[in-house]
Amino acid sequence: MRSVKLLVTLALVAAAVVGCGGQKAPADNRVRGVDTAERARRVAEAWEGSEAARVWSRGYYPLGDAVQLPDGAFHNDADKRAYATQNFTLQALLPDTAKKQAKVRWRDGDSLTLPLASARETYDKVARGGNPGPALTVTAARLGEMTVPTSRGTATVPAWLFTVKGYDTPLKRVAVTPSELPRSPIGAIAERTDELMPLVGLDTVARDGRTLTVRAEHGGCDDGPAVDVFEAEGSVVFSASIRGTADGPCTSESRVEKLTVKLRRPVADRILLDAFTGRPVPPRQQSARPAR
């Protein structure tokens, strides 16, 4: 069998992928008769000037982690493990707030009003553990702000600030949900293959706006994933594939690998698109509401 006949679970990520890439796709790299470089170009053209692009330009779509750790985190392996397993102990009353909405503010003066999550709702997104292992202790919480890279540049967003025992600065967690994703003006590829498949997700966008880290899947008997990039005026389209596949017996397993890629110019306000799905997808730990 092909080395990347991945588990059925891979199908679940098709609706939640985002990506970026490395070098330009070769012209003869085809997916069932479809040139993948041509597919990337068509995705970019479909979004250019579309209603979906207009909606995207006015929404709140974060490109960074929803959590900002305390300074110096973490002091020891026990604290690292506690955070990794989301194991927290609450030794404080979480405050109520009369505010039901709050503003996301961009540096250019634009703002967007969104529903505000309560301290309890936000805490529960951070503390999902409950195992007998090491735990981090939260002793207080208050409403504040944090800065987050977004598709429209850096934004100041409302956040709940949790005081963690043993740390001088709080753990911050964004208190608003990303905007609803627009409906894509172009459909997805019908079937994934080694030559074109969706990415798992976007991890980070560096301060230079050009260096991106993504996660891509591959199988147990190949040379790993590859991610190609097509840069357009208003978008960046990424195509994920598998390198070095071969016929023959192979274990059916899925692996995820991080890839670091450098664009020719900063992302800025360009839309990050996936060639396979034809749509933008939220990054790691950020779940935008799907289009209806």
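The structure under discussion appears in the preceding block.
This one's a predicted model, so the numbers in the text were calculated from it and none came from an experiment.

Caption draft 1: Just the overall build of the protein chain, in detail. Along its length, the protein chain carries four helices and 15 strands. The proportion of buried residues among the 292 residues of the protein chain is 48%. By element, 49% of the accessible surface of the protein chain is carried by carbon and sulfur atoms, the whole surface being about 14400 Å².

Caption draft 2: How the structure looks around the layout of surface pockets. Taken as a whole, the largest pocket encloses approximately 500 Å³ of empty space. In terms of lining residues, the largest pocket is bounded by 19 residues, among which Pro 149, Thr 154, Val 205, Ala 206 and Arg 207 are the most central. Elements that contribute at least two residues to the lining of the largest pocket include exactly β7 (136–150), β8 (153–164) and β10 (201–205). Here the lining of the largest pocket takes four residues from β7, the largest share from any one element.

Caption draft 3: Representation of the pattern of salt bridges. A complete count under the given rule lists eleven salt bridges for this structure. The partner of Arg 215 in a salt bridge is Asp 203, with the nearest N and O atoms 2.7 Å apart. Note that Arg 215 is positioned in strand β11 (residues 211–218) and Asp 203 in strand β10, a separation of twelve residues in sequence. Of the two residues examined, Arg 215 and Asp 203, each falls in the buried class. For the salt bridge of Arg 270 with Glu 231, the shortest nitrogen-to-oxygen distance reads 3.1 Å. With Arg 270 in the loop between β14 (255–262) and β15 (271–274) and Glu 231 in strand β12 (residues 225–231), the pair connects residues that are 39 residues apart, well separated along the chain. Residues joined in a network through salt bridges with shared partners are Glu 38, Arg 41 and Glu 45.

Caption draft 4: Structural context of the environment of Arg 210. Note that Arg 210 resides in the loop between β10 and β11. Taking the C-alpha atoms as reference points, Arg 210 and Leu 263, separated by 53 residues in sequence, lie 4.9 Å from one another. With sequence-adjacent residues up to four places away left out, Arg 210 is seen in contact with Val 261, Lys 262, Leu 263, Arg 264, Arg 265 and Pro 266. Of note is the side chain of Arg 210, whose polar atom sits 2.8 Å from the backbone oxygen of Leu 263.

Caption draft 5: Local environment of the packing of aromatic side chains. Enumeration according to the criterion identifies five aromatic pairs in this entry. Ring centres 3.9 Å apart and planes at 5° place the aromatic pair Trp 56 and Tyr 61 in the stacked group. The exposure class of Trp 56 is buried, given its relative accessible area of 7%. Here Tyr 61 falls in the buried class, since its relative accessible area comes to 4%. Stacked on the ring of Trp 106, the Lys or Arg Arg 152 has its end atom at 3.8 Å from the ring centre.

Caption draft 6: Local environment of unusual backbone geometry. With omega at 10°, the peptide bond leading from Ala 73 into Phe 74 counts as cis. Inspection of the secondary structure assignment puts Phe 74 in the loop between β3 (67–68) and α3 (77–84). Not every positive phi belongs to a glycine, and Gln 86 is a case in point at roughly 55°. As for its placement among the helices and strands, Gln 86 is situated in the loop between α3 and β4 (88–90). You can call Gln 86 partly exposed: its relative accessible area is 25%. For Ala 268, which is not a glycine, the phi torsion comes out positive at approximately 55°. Residue classification places Ala 268 among the exposed residues on the basis of a relative accessible area of 51%.

Thresholds, definitions, all that
- Residues numbered from 1 in each chain as written.
- Predicted model: local features only at pLDDT ≥ 70, side-chain atom pairs only at ≥ 80, totals over all residues.
- Heavy atoms only, no water.
- Helix = DSSP H or I, 4+ residues; strand = E, 2+ residues; numbered from the N terminus.
- Buried < 20%, exposed > 50% of the residue type's maximum accessible area, 1.4 Å probe, protein only.
- Areas by Shrake-Rupley, 256 points an atom, 1.4 Å probe, with all protein chains shown as cover.
- 1 Å grid on protein atoms, 1.4 Å probe; cavity = no way out; pocket = protein on both sides within 12 Å on 5 of 7 lines; lining within 4 Å.
- Points joined across faces, edges and corners; volume = space filled by probe spheres on them.
- Salt bridge = Lys/Arg side-chain N within 4 Å of Asp/Glu carboxyl O.
- Contact = heavy atoms within 4.5 Å.
- Polar contact = N/O pair within 3.5 Å; in protein donor to acceptor, adjacent residues only side chain to side chain.
- Phe/Tyr/Trp six-rings, centres within 6.5 Å; stacked < 30°, edge-to-face > 60°.
- Lys NZ or Arg CZ within 6 Å of the ring centre and 35° of its normal.

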